[in-house]
Every structure is written in structure tokens, then in C-alpha cells.
Amino acid sequence: MSKYAQELRNTAKAMMAEGKGILAMDESNGTCNKRFKNLDIEPVEENRRAYRELLITAPDLGNYISGAILYDETIRQSTKDGVSFVKAMQDAGIIPGIKVDTGAKDLAARPNEKVTEGLDGLRDRIAEYYEMGARFAKWRSVITIGDGIPSDGCIEANAHGLARYAVLCQEGGLVPIVEPEVLINGDHTIETCYEVTEKTLHEVFRQLYVQNAAYDQMILKPSMVISGADCSQQASVEEVASETVRCLMNCVPASVPGIAFLSGGQSEQRASAHLNEMNAKYRSQFPWRVTFSYARAIQQPALNYWKGEQSNVEEAQKRLVERAKLNSEASKGNYSQSMEKEPALV
Ligand code: 13P
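Residues numbered from 1 in each chain as written. Predicted model: local features only at pLDDT ≥ 70, side-chain atom pairs only at ≥ 80, totals over all residues. Heavy atoms only, no water.

Draft legend 1. Region of interest: the overall build of the chain. Per the secondary structure count, the chain includes twelve helices and ten strands. The C-alpha radius of gyration computed for the chain amounts to 19 Å, which stays within 12% of the reference 20 Å derived for 346 residues, consistent with globular compactness. If one aligns the C-alpha atoms of the chain with their principal axes, the spans along those axes are about 50 × 50 × 40 Å. Out of the 346 residues belonging to the chain, those deemed buried represent 58%. In the chain, the proportion of contacts linking residues at least 24 apart, taken out of those at least 6 apart, comes to 78%. (Helix = DSSP H or I, 4+ residues; strand = E, 2+ residues; numbered from the N terminus. Rg over C-alpha atoms; globule rule 2.2 N^0.38 Å. Buried < 20%, exposed > 50% of the residue type's maximum accessible area, 1.4 Å probe, protein only. Contact = heavy atoms within 4.5 Å.)

Structure, rendered in C-alpha cells:
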């Protein structure tokens, strides 16, 4: 057992505090720059720093966000007043987390499938991040649905990587967020998504078991069971909630402290509505906390408003906190469409 076992349980509990969720802001430089370019924001380090400062210093964010996931560049940065981001987050009551995978790369001999890399040297990187103040980590694997895929080989390779990462994190004092994302891309039905997600989660928990990971010292970050983005038959909010809950109940051990969903390309309102429906209807049956760990579905309104302009920071922060608050309500089953300022559910 890790010498950090009790600390890890305490961190996981704090991450999963009632009414709170996790802000994913760990976009790699490449992904962050791509989102900047879409809005004509210059893709340079100073803009990435300024944008992340906007996020972590948003007033009252800590009321709704328990922890935020940083990228390697970001965890080393400071506010314009010289306060390290880690310190600024600690002062705001937000636990610093860190993405430690090095990205999804092409899987050899498996066309159109990916495997996530980053195990080499990971023990040392974890020690450095712990020293810097990080208390949890994230590793994302992607599973693609398509013609004849995912293969068993792809699911197994990714689950193995997640498990090896998780035990290294636990050994070094970081709570691992285990993120197997079944991508929304494609025209598959919700039934296919269910089958692939169930198979993936079973393999992930099997590999975690084989590698001696402690289920009670981790957080699962899954995708929802949902229709493919290009499927002509889009499942309802009720169906996404019931199929996702059915899948999780069949796969996730009760000792796991919490489940925090990624948004995966869903609209902001859909991501809130789905999380809310799960909690409103099924919460009394859950052995775990069920909340959010969204990136796009929390950040996008703020980024759209900011556009790289200092004069827009205050209003952009309000939009960020508004989305965090709505998702906080959804994590308690108290969100409703009428709380939205922009009414259309898209
Ligand atoms: P999205 O919520 O935008 O899917 O991002 C979550 C995340 O952390 C992806 O790794």
C-alpha cells in the first residue's frame, strides 16, 4: 500500500466535495493554440499564460470548482503580479492537478487507433509535480469507434497504460484521474457507444486490479454513453442519462470515490442537462459522487468573450463562473433549463 494512502483518500474526497467539480484546463500548447486560432487570438506563450490567469483568478470559482488540471507549461507559470499559479489556486481553495500523459499517438499495426504515451520517466515527473504542489494527475486515453474498431488490442493497450500510470501516481502521492474517453466522433448509435464503453471500462478496471491500483484512491473520468455526433438518431437527455448510469453501475467498483465526466464535444447546455438528469433521477442509488471535469463545456463561453483582450477579462470570468455554477447545480440534480440565459438547448 502507498505511504500516501490516507492522504490520497483525503484528496479524492476533497476533489469530490458536494456541489463541486473539476475544471480541466490542461490543453497542450498545440490544442490551446488551435482554440486560440479559431478566435484570432495570437497563439503565443504570453496569451496562454494570460488566459490561464483569467481562469484561476476568477472571483468565487472555488465555490464550484474543487480542483483544476494544469499542463506542464502552466504549472510553472505565475500571475502578472508574480504569484505562482499553484499558490494562487491554493489561496482560492482549488487543488492543483497536472496532466502527465504525453498524448495519444498512432498505435502500431492498428490503423486509425491510438495509444497514449508517457510512462517513461513518469516516476520522476510525478515526484517533481508533487514537490511543486500538485495533488492529483490526469491521463487520457482515447478509444475511437469506426469500421471494425475499436480492436481488443487497442482497448487492452490503453487500459494497461492507464493502470501503470495510476499505480505510479498513487506511489508518489497524486490521486490519478483515470480517463478512458470513447470519442463522440462518428455516426454510431448510442447502443454501439454503450457496448464499447462497457467493454473499455471492464478492461480498465481489470488492468487496474492486475497492476495493484487502489480503487479507493482514484477518480474515474469517463465519457457519457451518447449517440455519435453524426448519428441521424440522437438519443434524448433521459436516454443518455439512463444508459450512462446503467453502464457505470455495471462496471465501476463501489469503492471508487467519484466519477467526473468529460464533456467530449457536447454543447455546454447538453453537458449540464445530462449530468443533472443522472443526479436528479439516480443519485440515491450511486455508491460514488457523480460530477463534472469539463474543459470545453465550462471554458468556451469565457474564451469566446475574452478574445485575448485585457478589457474583456472581468466579463469573461463572469461567464466562466456562471458555467461552473450551473454545472455545480447539475452535480446536485438542481439544474434546470430555465437557469440558462441563452434558452436554446443545442
Ligand atoms: P472536454 O470536457 O472538452 O472533453 O475536455 C475534458 C478533458 O479533460 C479532455 O481530456
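Draft legend 2. View of the environment of Val252. Here Val252 shows up in the loop between α9 (237-251) and β9 (258-261). According to the relative accessible area criterion, Val252 is buried, its value standing at 6%. The spatial distance from the C-alpha of Val252 to the C-alpha of Phe205 is 7.5 Å, given a sequence separation of 47 residues. Setting aside anything within four residues of it in sequence, one finds Val252 in contact with Phe205, Leu220, Ile259 and Trp288.

Draft legend 3. Main features of the site of the ligand. Near the ligand you find 13 residues, and of these Lys138, Lys221, Ser263, Gly264 and Arg296 are the closest. One nitrogen or oxygen atom from the side chain of Lys138 is found 2.5 Å from an oxygen atom belonging to the ligand. The contact in question runs from an oxygen atom of the ligand to an N or O atom on the backbone of Gly264, over 2.6 Å. Within the complex, 93% of the 300 Å² of free accessible area of the ligand lies under protein. Split by residue class, the shell around the ligand holds four nonpolar, three polar and six charged. (Near = heavy atom within 4 Å. Polar contact = N/O pair within 3.5 Å; in protein donor to acceptor, adjacent residues only side chain to side chain. Areas by Shrake-Rupley, 256 points an atom, 1.4 Å probe, with all protein chains shown as cover. Nonpolar A, V, L, I, M, F, W, Y, C, P; charged D, E, K, R; others polar.)

Draft legend 4. Region of interest: the packing of aromatic side chains. Taken as a whole and judged by the stated rule, the model has eight aromatic pairs. Between Phe286 and Trp288, the ring centres sit 5.5 Å apart and the planes meet at 35°, which makes this aromatic pair tilted. As far as the burial class goes, Phe286 and Trp288 line up, both buried. Among the aromatic side chains, those forming a connected cluster through ring pairs are Phe36, Tyr51 and Trp306. The lysine or arginine in question, Arg246, covers the ring of Tyr194, its NZ or CZ lying 4.2 Å from the ring centre. (Phe/Tyr/Trp six-rings, centres within 6.5 Å; stacked < 30°, edge-to-face > 60°. Lys NZ or Arg CZ within 6 Å of the ring centre and 35° of its normal.)

Draft legend 5. Broad picture of the nonpolar core. Among the nonpolar cores identified, the biggest contains 104 residues, and Tyr165 and Leu208 are the most heavily contacted of them. Every residue in contact with Tyr165, bar those within four places of it in the chain, is listed here: Val100, Leu119, Leu122, Ala137, Lys138, Trp139, Pro176, Ile177 and Val178. Among the nonpolar cores identified, the runner-up in size contains eight residues, and Ile145, Ile155, Val182 and Val196 belong to it. (Core = buried A, V, L, I, M, F, W, Y, C linked by side-chain atoms within 4.5 Å.)

Draft legend 6. Structural detail: the pattern of salt bridges. Evaluated as defined, the whole model comprises 28 salt bridges. As a salt-bridge pair, Glu179 and Arg140 come within 4.0 Å of each other at their nearest N and O atoms. Of this pair, Glu179 sits in strand β7 (residues 175-182) while Arg140 is found in strand β6 (residues 136-143), placing the two residues 39 residues apart along the sequence. Measuring nitrogen to oxygen at the nearest pair gives 3.2 Å for the salt bridge that ties Arg319 to Glu315. In this pair, Arg319 and Glu315 both sit in helix α12 (residues 313-331), four residues apart, roughly one turn of the helix. Classification of Glu315 by relative accessible area gives partly exposed; the value is 28%. (Salt bridge = Lys/Arg side-chain N within 4 Å of Asp/Glu carboxyl O.)

Draft legend 7. Structural detail: the pairing of strand β3 (residues 95-99). The buried fraction of β3 amounts to five of the five residues, a majority that puts the element mostly inside the structure. The alternating pattern of β3 places Ile95, Gly97 and Lys99 on one face and Pro96 and Ile98 on the opposite face, and all of these are buried.

Draft legend 8. View of helix α11 (residues 296-306). Residues of α11 that are buried: Ala297, Ile298, Gln299, Pro301, Ala302, Leu303 and Trp306. Lys307 occupies a position one or two residues after α11 and carries a positive phi of about 55°.

Draft legend 9. Summary view of the environment of Asn29. Note that Asn29 resides in helix α2 (residues 29-38). On the basis of relative accessibility, which here comes to 21%, the residue Asn29 falls in the partly exposed class. As a C-alpha pair, Asn29 and Asp72 span 43 residues in sequence and 9.5 Å in three-dimensional space. A distance of 3.3 Å separates the side chain of Asn29 from the side chain of Arg48, its partner in a polar contact.

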